[in-house]
Amino acid sequence: MNKSNNITELLKGVEVDWKALSSVAQYVRGLTYNKKNESNNSIGYKVLRANNITLSNNTLNFNDVKIINLDTKVKDTQKLYKNDILISAASGSREHVGKVAFITNDIDYYFGGFMGVIRTSNKISPRYLFHILTSEIFQNYLNEMLNSSTINNLSSKIIEGFQIPIPPLHIQTEIVRILDTFTALTAELTAELTAELTARKKQYNYYRDKLLTFQEDEVEWKALESITLPTSNIRWKETDRIYKYIDLTSVSRETKSIIGTTEITAINAPSRAQKVVEENDVIFATTRPTLQRFTLIEKEFSENIASTGYCVLRANRNYILPKWIYYNISSTRFNNYVNENQSGTAYPSISDAKVKQFKIPIPPLKEQARIVEILDKFDALTNSITEGLPREIALRQKQYEYYRNLLLDFPKVQE
């Protein structure tokens with residue numbers, strides 16, 4: 001018997017009451033504070049906000065936790081306790097309204113004014129309610145309630161009026177057991193795949209740096225400026241063509257590939273859209289927070305316009321292969337060079353001139369080609385794992401969602 005049949009048997013003949021959330025749980029809004037309440041010495045109450053709930057898996061994270069002064073007025077009910085369900089009650093983005101995280105233990109954290117906590121009575125399993133709040137049942141309800149409003153705010157009236165299917169407690173417990181098994185397997189798989197990816201990247205970086213290491217007297221060393229060709233900027237006044245614009249977020253840090261461009265003309269071109277790129281150019285973003293985004297321009301992006309925030313490196317094929325440049329600027333040695341030569345505090349950057357002063361080893365073209373072929377294989381393997389990781393996790397998440405919806409698909413009796 002497959003899982004679907006098992007679930008059908010489990011729910012067969014089960015009597016379900018539909019009750020408003022207010023009859024089985026309490027909804028508490030978080031504490032309010034302003035800028036002057038924020039601590040400047042990291043001593044005070046730790047406050048979680050919407051950004052501390054990871055949307056993709058409904059778990060807590062502790063990135064950028066606010067700390068407010070101890071003289072701020074807080075209530076005991078605004079602290080987080082075991083079996084609380086933390087919910088994002090207000091956000092500028094609709095998709096973040098209603099996201100939840102389950103509190104597994106008492107923790108020394110409070111929750112902010114745009115957040116809420118749902119605390120259950122003994123009539124409903126808190127973990128069962130958590131799964132309900134991550135399901136289509138709750139999302140469909142929110143879509144209906146917030147559809148006509150431009151303010152994404154879950155008032156007490158909206159939350160407390162949410163109708164919940166409530167089977168007997170032993171059925172709730174079994175549903176929780178099944179769904180928690182799926183979430184645990186997904187979390188375990190994610191951890192394993194992430195560890196595998198980290199190990200492969202570390203291995204790749206080691207061999208890449210090893211293959212690019214030469215003794216000073218073993219090969220000739222040249223600055224990039226002496227083995228690259230001049231590039232040109234576009235003359236916007238002389239063209240009416242439509243171009244694609246490679247801005248500073250168009251290149252993925254992980255896969256080193258272009259993930260999106262914007263169509264532009266002379267009329268709507270950003271002032272930074274200046275550099276014309278060709279196939280096999282290497283572009284390197286020189287300003288933080290985009291520093292270390294780089295890629296090799298593929299044929300489909302030839303004659304695109306890149307931001308002036310990129311240094312464009314065009315190989316002189318008499319001396320060097322384009323991919324030889326690409327792999328050398330991906331090396332640890334180049335990364336260290338950038339860190340040592342960048343300037344500025346808010347947005348550290350390195351000038352194009354300084355990038356082009358970086359010296360790289362120049363073995364014969366045949367040897368460059370041999371090493372590039374090896375590194376391409378490593379690169380392809382690493383990228384396949386990088387791309388496969390989110391696909392595999394998404395597959396497990398869809399499996400969880402399928403069975404969650406199946407387990408929570410109780411018919412609603414019309415009054």
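Structure: see above.
Calculation rules
- Residues numbered from 1 in each chain as written.
- Predicted model: local features only at pLDDT ≥ 70, side-chain atom pairs only at ≥ 80, totals over all residues.
- Heavy atoms only, no water.
- Axes fitted to C-alpha atoms, helices over the stretch in contact; angles between N-to-C directions.
- Helix = DSSP H or I, 4+ residues; strand = E, 2+ residues; numbered from the N terminus.
- Parallel < 35°, antiparallel > 145°, perpendicular 65-115°, else oblique.
- Left-handed = near helix turned anticlockwise from the far one by under 90°.
- Contact = heavy atoms within 4.5 Å.
- Phe/Tyr/Trp six-rings, centres within 6.5 Å; stacked < 30°, edge-to-face > 60°.
- Buried < 20%, exposed > 50% of the residue type's maximum accessible area, 1.4 Å probe, protein only.
- Lys NZ or Arg CZ within 6 Å of the ring centre and 35° of its normal.
- Pairing = 2+ DSSP bridges.
- Polar contact = N/O pair within 3.5 Å; in protein donor to acceptor, adjacent residues only side chain to side chain.
- Salt bridge = Lys/Arg side-chain N within 4 Å of Asp/Glu carboxyl O.

Undergrad: What exactly am I supposed to notice about the packing of helix H2 (residues 126–133) against helix H5 (residues 169–211) here?
TA: A packed helix pair is summarised by two numbers, namely the angle formed by the two axes and the spacing between the axes. Put simply, H2 and H5 touch, their axes get as near as 9 Å, and they point 60° apart. One element, H2, and the other, H5, form an angle in the oblique class. For the element pair H2 and H5, the recorded crossing hand is left-handed. Residue-level inspection shows Arg127, Tyr128 and His131 of H2 in contact with H5, the latter providing Gln172, Ile175, Val176, Leu179, Asp180 and Thr183.

Undergrad: Is there a simple way to explain the packing of aromatic side chains in this structure?
TA: Summed over the entire model, instances satisfying the criterion amount to 19 aromatic pairs. Measuring from centroid to centroid gives 6.4 Å for Phe284 and Phe294, while their planes differ by 35°, and the two rings are tilted. With Phe284 in strand S17 (residues 282–285) and Phe294 in strand S18 (residues 294–296), this pair connects stretches of sequence that are 10 residues apart. By the burial criterion, Phe284 is buried, and Phe294 matches it. Here the aromatic rings of Tyr326 and Tyr327 are separated by 5.1 Å at their centres, their planes lie at 70°, and the arrangement is edge-to-face. In this structure an aromatic cluster arises from ring pairing among Phe284, Phe294, Tyr326, Tyr327, Phe334, Tyr337 and Phe358. The lysine or arginine in question, Lys46, covers the ring of Tyr109, its NZ or CZ lying 4.5 Å from the ring centre. The ring centre of Phe102 lies 4.9 Å from the NZ or CZ of Arg127, which sits over that ring.

Undergrad: For this particular structure, what's the right way to read the sheet that holds strand S15 (residues 262–264)?
TA: Think of a sheet as strands paired side by side through backbone hydrogen bonds, with each pair either parallel or antiparallel. Reading across from one edge, S15-S14-S19-S16 is the order of the 4 strands in this open sheet, with mixed pairing throughout. Of all strands in the sheet, those with a lone pairing partner are S15 and strand S16 (273–276), marking the two edges. Strand after strand, the sheet turns through a mean of 45° between neighbouring axes, direction not considered. Inspection of the sheet shows S16 paired to strand S19 (residues 305–307) by 3 bridges, in the antiparallel sense. Looking across to S19, one finds that Val276 is bridged to Ile305.

Undergrad: Help me understand unusual backbone geometry, please; the structure alone is not making it clear to me.
TA: Keep in mind that most residues, glycine aside, have a negative phi and that most peptide bonds are trans. At Asp64, a position not held by glycine, the phi torsion is positive, near 55°. When you line up the elements, Asp64 lands in the loop between strand S5 (59–60) and strand S6 (66–68). For Glu303, which is not a glycine, the phi torsion comes out positive at approximately 70°. Along the chain, the position of Glu303 falls in the loop between S18 and S19. In this structure Glu303 comes out as partly exposed when scored by relative accessible area, which is 42%.

Undergrad: What is the right way to read the side chain of Ser330 from this model?
TA: Relative to the elements of secondary structure, Ser330 occurs in the loop between helix H6 (322–329) and helix H7 (332–341). By relative accessible area, which is 15% here, Ser330 ends up buried. Of note is the side chain of Ser330, whose polar atom sits 2.8 Å from the backbone oxygen of Tyr327. If we ignore the near neighbours within four places in the chain, the residues touching Ser330 are Arg208 and Phe294.

Undergrad: Explain the sheet that holds S18 here, please?
TA: Spatially, the 4 strands line up as an open sheet ordered S13-S20-S17-S18, and their pairing is antiparallel. Each of the sheet's edge strands pairs with one partner strand only, and the pair in question is strand S13 (228–229) and S18. Bridge count for S13 against strand S20 (residues 310–315) is 2 bridges, and the pairing is antiparallel. By the bridge assignment for S20, Thr228 is matched with Ala315. Sheet strands in contact with H6 are S13, S17, S18 and S20, and its direction is about 160° off that of S18.

Undergrad: How should the pattern of salt bridges be read in this particular structure?
TA: Think of it this way: side chains of opposite charge can pair up when their charged atoms draw near. In this structure the tally under the stated criterion is 16 salt bridges. Between Asp180 and Arg127 there is a salt bridge whose closest N-O contact spans 2.9 Å. Here Asp180 is found in helix H5, whereas its partner Arg127 is found in helix H2, with 53 residues between them in sequence. With a shortest N-O distance of 2.9 Å, Glu196 and Arg200 are connected by a salt bridge.

Undergrad: Would you explain H2 in this entry?
TA: Because each turn of an α-helix spans 3.6 residues, side chains separated by three or four positions end up pointing in the same direction. A large share of H2 lies buried, amounting to 8 of its 8 residues. Listing the buried residues of H2 in full gives Pro126, Arg127, Tyr128, Leu129, Phe130, His131, Ile132 and Leu133.

Undergrad: Whenever I open this one, the environment of Lys366 confuses me. Can you help?
TA: By the element assignment, Lys366 lies in helix H9 (residues 365–407). Looking at Lys366, the relative accessible area reads 74%, which means it is exposed.

Undergrad: I tried to follow the pairing of strand S7 (residues 85–88) on my own but got confused; where do I start?
TA: Taken residue by residue, a regular strand's side chains alternate between the two faces of the sheet. Going residue by residue along S7, you find Ile85 and Ile87 tucked away on one face and Leu86 and Ser88 tucked away on the opposite face as well. Note that S7 and strand S8 (residues 100–102) share 3 bridges and pair antiparallel. When the sheet's bridge partners are listed, Ile87 is paired in S8 with Val100. In the sheet, S7 pairs with strand S10 (residues 115–120) via 4 bridges, with the strands oriented antiparallel. Looking across to S10, one finds that Leu86 is bridged to Val117.

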